[in-house]
Structure formats: structure tokens, C-alpha cells
Amino acid sequence: MADDVLFEFLHMEMVSHIYKDQASRGEMDKDRATCVSTLEGMGFRVGQGLIERFTKDSPSFKDDLDVMKFICKDFWINVFRKQIDNLRTNHQGTYVLQDNKFALLTQFSSGKQYLEEAPKYLAYSCGLVRGALSNLGMDCVVTAEISLMASCKFQVVIQKI
Amino acid sequence: MAVCIAVIAKENYPLYIRSVPIQNELKFHYTVHTSLDVVEEKISAVGKAMADQRELYLGLLYPTEDYKVYGYVTNSKVKFVIVVDSSNTSLRDNEIRSMFRKLHNSFTDVMCNPFYNPGDTIQSKAFDSMVSAMMVQVS
């Protein structure tokens, strides 16, 4: 019954713990960057493990677009219980995933008040996507932005060596 | 009943190799290493034939006079290689597939272990015992 909410609470606690930890050590300037990278790193490792489990029975992916579709559908459903609402690409290695009601942000009140704080809560999910893609063989950079509360866009840029 | 089982990472270095007659270990390492070429060939060959769905099980890679080598690739490009004795003709395709299935399941468990860093050699006892169960029993 309360299953869905368990991870949301854990995630909120995770973010506040990491930020509290940094604050207690002083150095207000370097704060944001290290906190974000810590959260992203956690997401990365989890993403790798999750992908191993989810792709255990599915056949190999044909190309990058296939992988992104898998992320938008199966992966997102398994983690956030819904699909990505919109996937756009420029076919040159950049993909934009839009989620209109991102599960980890629904508890925030809508409106501009908390828009500034919201990116902290997206760092882990960015890491999750990056870890998942890296385990499938695609090295990329994932960033997220919010324009309107609970609706966010993840931008994935594939690094070509 | 396998004679040698190996898990090879995406970057083609071994994460785990175990063979039963410990004396000939180097020969098995060599066999597994050469089988990697065949695996790569199969992966890229199937890529061109985009019509059919790619399977993870690659089947018999190549037979030598003493041994047969089977391969399997996961979606994260981790390869499993099983070497079996040629004289053991009773082993059917299905049995090999089920061995790979078990390997994949155990590997997934190792991957999800928070104390395991992807890229390290596999030290897990559970994985070890699962592999031992699949190897030929030498008295």
C-alpha cells in the first residue's frame, strides 16, 4: 500500500542528509557542486545495477534510439511507475526526455516558490539515467531542468569518442 | 557439467575464471581468450541482420578436438564463456542455456551488491558455490 511512497521519503531524506553534512563542514561555496556530484554518483551506481536486472530477459538493443525508448518506457515504469511523456531527439546524439509529472517532485507545491531548490532533487535521477546508459554501453552526460513544478526535462547528450 | 567457466567484462578482461583440472588452467585461459574473437564476430554479425531479434545466447562458438566452447552476451556486454568436454555428448543445448541462465541470474545478484564495484573481480562466495555446482566433479 505505502510501497510507492517509501522511496520518495528515502530520497528526500538522502538529499537533506547530504546537504546537511556539507553545511556542517563549512565552506558554503563548494557546497552545491559536491552535493550534486555525490547524489549523482549514488544514482550512477544504482542505475548500473538496475539495468542489469531489467535487461536480463530482453533481447539486445538494435541501436541508440532503441535504448532510449527502453529507458523511457520499461525503465521509467519500473522505477517511477509511469512512462516518460515525451521523447525528442535531433538524431545527432542528443535526446530530451520530458516527464510532466515527475514522481519525486509531486510533493512540492506548484508555483515558483521552490523552483530554485528543485534541481537538488533531480541529481539522483540524472545519475540513475547516466548509470543505466553507461552499463548499456553509451557514455553520456545527463542534465535536468525544470520550468514548471513537477514537469522536468532530462537532456541526454551521448559522448562520441 | 562444465570444465571451465569464465565471466568477461565489457572491456574484455576477465572478471572471473574457474577451471576444474587446476593443472591445465593456463590452457583454459588461452581458450577463453581466443573465443572472445568469435564472440565479437557474432555480436557484430547479428547487428547487420537487423530483421530478427537478437538473442543473448550465442550458441556453440567453436569446437576443438577436446572441448566445445559456448558463449552468451548480456545487454551490458558482459560475456559468459563455458567450456565443456567434447566426450560429454549427453549435454544438450537446453542444458547449456539453463546454465547460462543461472550464471546470468547470479551475476545480476553480484552486480546489485552494494559492496561490489563494477569492474572488480568477482569475489562473491554465492557466485563461487553456484559455479562449483556446475563444474565437473573431480574426485
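Residues numbered from 1 in each chain as written. Chains lettered and ligands numbered in written order. Predicted model: local features only at pLDDT ≥ 70, side-chain atom pairs only at ≥ 80, totals over all residues. Heavy atoms only, no water.

What follows covers the overall build of chain A. Looking only at helices and strands, chain A features 4 helices and 4 strands. In sequence order, chain A lays out its α and β elements as α-α-α-β-β-α-β-β. Taking 161 residues into account, the globule formula puts the C-alpha radius of gyration at 15 Å, and chain A, at 16 Å, falls close to it. Seen through its C-alpha atoms, chain A measures out along the principal axes to roughly 50 × 40 × 30 Å. Buried residues in chain A amount to 45% of all 161 residues. (Helix = DSSP H or I, 4+ residues; strand = E, 2+ residues; numbered from the N terminus. Rg over C-alpha atoms; globule rule 2.2 N^0.38 Å. Buried < 20%, exposed > 50% of the residue type's maximum accessible area, 1.4 Å probe, protein only.)

Helix and strand counts for chain B stand at 3 helices and 5 strands. Helices and strands in chain B line up, N terminus first, as β-β-α-β-β-β-α-α. Buried residues in chain B amount to 44% of all 139 residues. Taking contacts inside chain B between residues at least 6 apart in sequence as the whole, the part at least 24 apart equals 56%. When the accessible area of chain B is evaluated, it comes to approximately 7,300 Å², of which 55% is carbon and sulfur surface. (Contact = heavy atoms within 4.5 Å. Areas by Shrake-Rupley, 256 points an atom, 1.4 Å probe, with all protein chains shown as cover.)

Turning to helix H2 (residues 93–112) of chain B, a few remarks are in order. With 20 residues, H2(B) ought to run about 28 Å at 1.5 Å a step, and its terminal C-alpha atoms sit 29 Å apart, in line with that. Listing the buried residues of H2(B) in full gives Ile96(B), Met99(B), Phe100(B), Leu103(B), His104(B), Ser106(B), Phe107(B), Thr108(B), Val110(B) and Met111(B). (Expected span 1.5 Å × (residues − 1).)

Residues and elements named next belong to chain B. Across 5 bridges, strand E1 (residues 2–8) lies against strand E2 (residues 14–19) in antiparallel orientation. If you follow Cys4 over to E2, its bridge partner there is Ser19. Connecting E1 to the antiparallel partner E2 that follows it, the hairpin turn spans 5 residues, and Asn12 within it adopts a positive phi of roughly 70°. (Pairing = 2+ DSSP bridges.)

Residues and elements named next belong to chain B. If you trace the 5 strands from one edge of the open sheet to the other, you get E2-E1-E5-E4-E3, paired in antiparallel fashion. Looking at which strands have only one partner, the edges of the open sheet turn out to be E2 and strand E3 (57–63). Neighbour-to-neighbour, the strand axes of the sheet open up by a mean angle of 15°, direction not taken into account. Here strand E4 (residues 67–73) runs beside strand E5 (residues 79–85); their pairing, made up of 7 bridges, is antiparallel. What sits directly across from Tyr67, in E5, is Asp85. Here H2 sits on the sheet in contact with E1, E2, E3, E4 and E5, set at roughly 140° to E5. Relative to the sheet, helix H3 (residues 125–134) contacts E1 and E2, its axis offset from that of E2 by approximately 40°. (Axes fitted to C-alpha atoms, helices over the stretch in contact; angles between N-to-C directions.)

Below, the discussion takes up the side chain of Asp99(A). Residue and element names in this part refer to chain A. Inspection of the secondary structure puts Asp99 in strand E2 (residues 94–99). For Asp99, the side chain forms a polar contact with the side chain of Lys82, separated by 2.4 Å. Beyond its immediate chain neighbours, meaning those up to four positions away, Asp99 contacts Trp76, Lys82, Ile84, Asp85, Ala150, Ser151 and Cys152. (Polar contact = N/O pair within 3.5 Å; in protein donor to acceptor, adjacent residues only side chain to side chain.)

In this section: the confidence of the model for chain A. Averaged over all residues, the pLDDT of chain A is 85; the fraction at 70 or higher stands at 94%. Of all the helices and strands in chain A, helix H1 (residues 3–24) of chain A carries the lowest mean pLDDT, 85, while helix H4 (residues 123–135) of chain A carries the highest, 91. (pLDDT = per-residue confidence, 0-100.)

Residues and elements named next belong to chain A. Applying the stated criterion across every chain, the model contains 8 salt bridges over all chains. A salt bridge links Arg130 to Glu40; the nearest nitrogen and oxygen atoms lie 3.0 Å apart. Residue Arg130 is found in helix H4, and its partner Glu40 is found in helix H2 (residues 31–54); the two are separated by 90 residues along the sequence. Classification of Glu40 as buried rests on a relative accessible area of 15%. As a salt-bridge pair, Lys82 and Asp99 come within 2.4 Å of each other at their nearest N and O atoms. Of the two residues, Lys82 is situated in the loop between helix H3 (64–80) and strand E1 (86–89) and Asp99 in strand E2; the sequence distance between them amounts to 17 residues. On the accessibility criterion, Asp99 (0% relative accessible area) is buried. Taken together, the shared-partner salt bridges connect Lys82, Asp85 and Asp99 into one network. (Salt bridge = Lys/Arg side-chain N within 4 Å of Asp/Glu carboxyl O.)

Moving on to the sheet that holds strand E4 (residues 151–158) of chain A. All names here are of chain A. Here 4 strands make up an open sheet; going across it, the order is E1-E2-E4-E3 and the pairing antiparallel. Pairing within the sheet leaves two strands with one partner each, and these edge strands are E1 and strand E3 (140–148). Along the sheet, successive strands turn relative to each other by an average axial angle of 20°, direction set aside. Pairing analysis gives 6 bridges linking E2 to E4, with the strands arranged antiparallel. Its bridge partner lying in E4, Asp99 is registered against Cys152. Each of E1, E2 and E4 is contacted by H3, which is oriented at about 15° to E2, the strand it contacts most. Each of E3 and E4 is contacted by H4, which is oriented at about 150° to E3, the strand it contacts most.

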